[in-house]
Amino acid sequence: MRERLKSLEKKAETAIREAADLDQLKDLRVKYLGKKGELTTILRGMKDLSPEERPVVGGLANEIRTGLERWIGNKEEELKKAALTTRLEAEALDVTLPAAPPSLGAVHPISAVIEQIEDIFIGMGFEVAEGPEVESDYYNFEALNLPKEHPARDMQDSFYITPEILLRTHTSPVQVRTMEAKEGQVPVKIICPGKVYRRDDDDATHSHQFHQVEGLVIDRGIAMSELHGILAGFAEKMFGMKLETRLRPSYFPFTEPSVEMDISCIQCGGEGCRMCKNTGWIEILGAGMVHPRVLEGAGYDSERYTGFAFGMGPDRIALLKYGIDDIRHFYTNDVKFLRQFQSL
Ligand code: FA5
């Protein structure tokens, strides 16, 4: 029995010395000193010893237990210290390292385009006006010469909230609101940027929510030539290059005559390429002379005053200007896409 105890002591000492971590040490304590441990198992055989041998072996067993407890205690200290040192080293803070640069946001490309449009028109003497996105049927349609049941209402499929309230489908209602606020005074020279909403199916060039910038000029003797001059000047500044422009006849119920303005393709210069679908031209806005009925309805004498209005889509302008192939990139908020515009 003595030999068994001695050999157990040796085996346990080696195992304790070699324990790699606190968990292993805990297992060793259970294995050798636990209630069902090896020392207890050996001591169960004491009943077979002679009465003389019993106290001697009992004393030896106690000595071995105390010794192993001490070894385990010392090893525990050692392992705890080592674990602490490793943690401290891993968490060491080097205060001399240069700080990580804070990650800066970027201006959204559509906001950047709207700001550029505003700057250009402010430079030409325009003021910036605003209007509500939740609009009445009256301002969005009726006051713009689009009475109920007018077939041209189908040109702008709408999100109605009640039969009389909707999300505005264009920024043109701000024309009427501005004229009303001016109470027949001239000159009126405003642009109005803002969000608009249409029940369009989203695709590469359509979004159900997008932006427009409206423009309105009213004074005595305003003619189509002024409209063309101002918008051609705007296009060159916007795209930063010499451009050809042309007005094509079009139809909007609130302008007469109505036109769409094309610019020569900014990619091929008019030769024909994929961007301009080989036509050499790209449409950038709708415009026209304010319809006399719209002027009169908002309190302006159409015999004395004339004016022009235009409406453009900054989303489509941003697609052209930055060579982006899908309008949906603007609305999915992928930071990798947006970071490309950090320099704007
Ligand atoms: C209008 O909304 C007129 N109110 C513009 C106007 C104002 C004409 C004043 C005359 C006088 P239109 O529906 O064509 O017109 O839209 C104007 C621009 O909005 C388009 O040229 C296009 O750039 C943009 N646009 C229209 N629908 C979408 C859409 N679903 N997604 C993104 N851009 C769009």
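Looking at an unreviewed UniProt entry, the protein carries the name Phenylalanine--tRNA ligase alpha subunit, with the source organism given as Salinithrix halophila. Looking at the Subcellular location (unreviewed entry) heading of the UniProt record, one finds this comment for the protein: "Cytoplasm". What the UniProt record of the protein gives under Catalytic activity (unreviewed entry) is the line "tRNA(Phe) + L-phenylalanine + ATP = L-phenylalanyl-tRNA(Phe) + AMP + diphosphate + H(+)".

Some words on the domain arrangement of the protein
How big an interface is tends to be stated in terms of accessible area lost as the parts join. Partitioning the protein into domains gives domain 1 (2-90) and domain 2 (109-341). Once you take the C-alpha centre of each, domain 1 and domain 2 turn out to be 87 Å apart.

What to know about the nonpolar core
Counting 46 residues, the largest nonpolar core has Ile 117, Phe 121, Phe 234, Ile 263, Ile 284, Phe 310 and Met 312 as the members making the most contacts within it. If you list the elements that add at least two residues to this core, you get helix H5 (109-123), strand S6 (209-219), helix H8 (224-239), strand S8 (255-264), strand S9 (281-290), strand S10 (306-312), helix H10 (314-322) and helix H11 (335-339). When residues of this core are assigned to their parent elements, the largest contribution, seven residues, is made by H8. Leaving out residues up to four positions away in the same chain, Phe 121 has contacts with Phe 126, Ile 191, Ile 230, Leu 231, Phe 234, Phe 310 and Met 312. Within the second largest apolar cluster, 25 residues are counted, among which are Tyr 139, Val 174, Met 179 and Tyr 305.

Structural notes on the packing of helix H2 (residues 22-33) against helix H4 (residues 53-90)
It is at 10 Å that the axes of H2 and H4 come closest, and there the two elements cross at 170°. In terms of orientation, H2 lies roughly antiparallel with respect to H4. Counted together, Leu 22, Leu 25, Arg 29, Tyr 32 and Leu 33 of H2 and Arg 65, Leu 68, Glu 69, Ile 72, Lys 75, Glu 76, Leu 79 and Lys 80 of H4 form the full contact between these two elements. Looking at the contact of H2 with H4, its residues break down into seven nonpolar, no polar and six charged.

Quick notes on the pattern of salt bridges
A complete count under the given rule lists 17 salt bridges for this structure. Residues Arg 29 and Glu 69 are paired through a salt bridge, measuring 3.2 Å at the closest nitrogen-oxygen approach. Of the two residues, Arg 29 is situated in helix H2 and Glu 69 in helix H4; the sequence distance between them amounts to 40 residues. With a relative accessible area of 31%, Arg 29 lands in the partly exposed category. For Glu 69, a relative accessible area of 35% translates into the label partly exposed. Here Lys 242 makes a salt bridge to Glu 236, at a shortest N to O gap of 3.2 Å. Relative accessible area serves as the criterion here: at 71%, Lys 242 is assigned to the exposed category. On the basis of relative accessible area, Glu 236 is assigned to the partly exposed category, the value being 25%. Where salt bridges share partners, they join Asp 137, Glu 142, Lys 148, Arg 153 and Glu 164 into one cluster.

With respect to the sheet that holds S10
The strand order across the open sheet formed by seven strands is S1-S5-S6-S10-S9-S8-S7, and the pairing between neighbours is mixed. Each edge of the open sheet is held by one strand with a lone partner, namely strand S1 (127-128) and strand S7 (245-252). With ten bridges connecting them, strand S5 (residues 188-197) and S6 associate as antiparallel partners. Opposite Val 188, over in S6, you have Ile 218 as the bridge partner. Where H5 meets the sheet, its contacts fall on S1, S5, S6 and S10, and the angle it forms with S5 comes to roughly 170°.

How each quantity is defined
Starting afresh in each chain, residues are numbered from 1 along the sequence in its written order. Local features in this predicted model are restricted to residues of pLDDT 70 or higher, and side-chain atom pairs are both shown and tallied only at a pLDDT of 80 or more, whereas totals for entire chains, interfaces and linings draw on every residue. Side-chain descriptors were evaluated using all non-hydrogen atoms of the structure, hydrogens and water having been removed beforehand. UniProt positions are given in the numbering used here, feature names are shortened, and annotations may be inferred rather than shown by experiment. Per the annotation, domain bounds derive from an automatic or database assignment of domains. Among buried residues, the Ala, Val, Leu, Ile, Met, Phe, Trp, Tyr and Cys ones that are joined through side-chain atoms within 4.5 Å form a nonpolar core. Residue exposure (1.4 Å probe, protein chains only): buried if accessible area is under 20% of the type maximum, exposed if over 50%, otherwise partly exposed. Labels follow the DSSP assignment, with helices taken as runs of H or I lasting at least four residues and strands as runs of E lasting at least two, numbered in each case from the N terminus. The contact rule is simple, with two residues in contact once any of their heavy atoms fall within 4.5 Å. Angles run from 0 to 180 degrees between N-to-C directions of axes, and those axes are lines fitted to C-alpha atoms, restricted for helices to the stretch in contact. Roughly parallel means an angle under 35 degrees; roughly antiparallel, over 145; roughly perpendicular, 65 to 115; everything else is oblique. Under the convention adopted here, Pro, Cys and the residues Ala, Val, Leu, Ile, Met, Phe, Trp and Tyr are nonpolar, Asp, Glu, Lys and Arg are charged, and Gly plus all remaining residues are polar. Put simply, a salt bridge is a Lys or Arg side-chain nitrogen that is within 4 Å of an Asp or Glu carboxyl oxygen. Strands qualify as paired when DSSP identifies two bridges or more between them.

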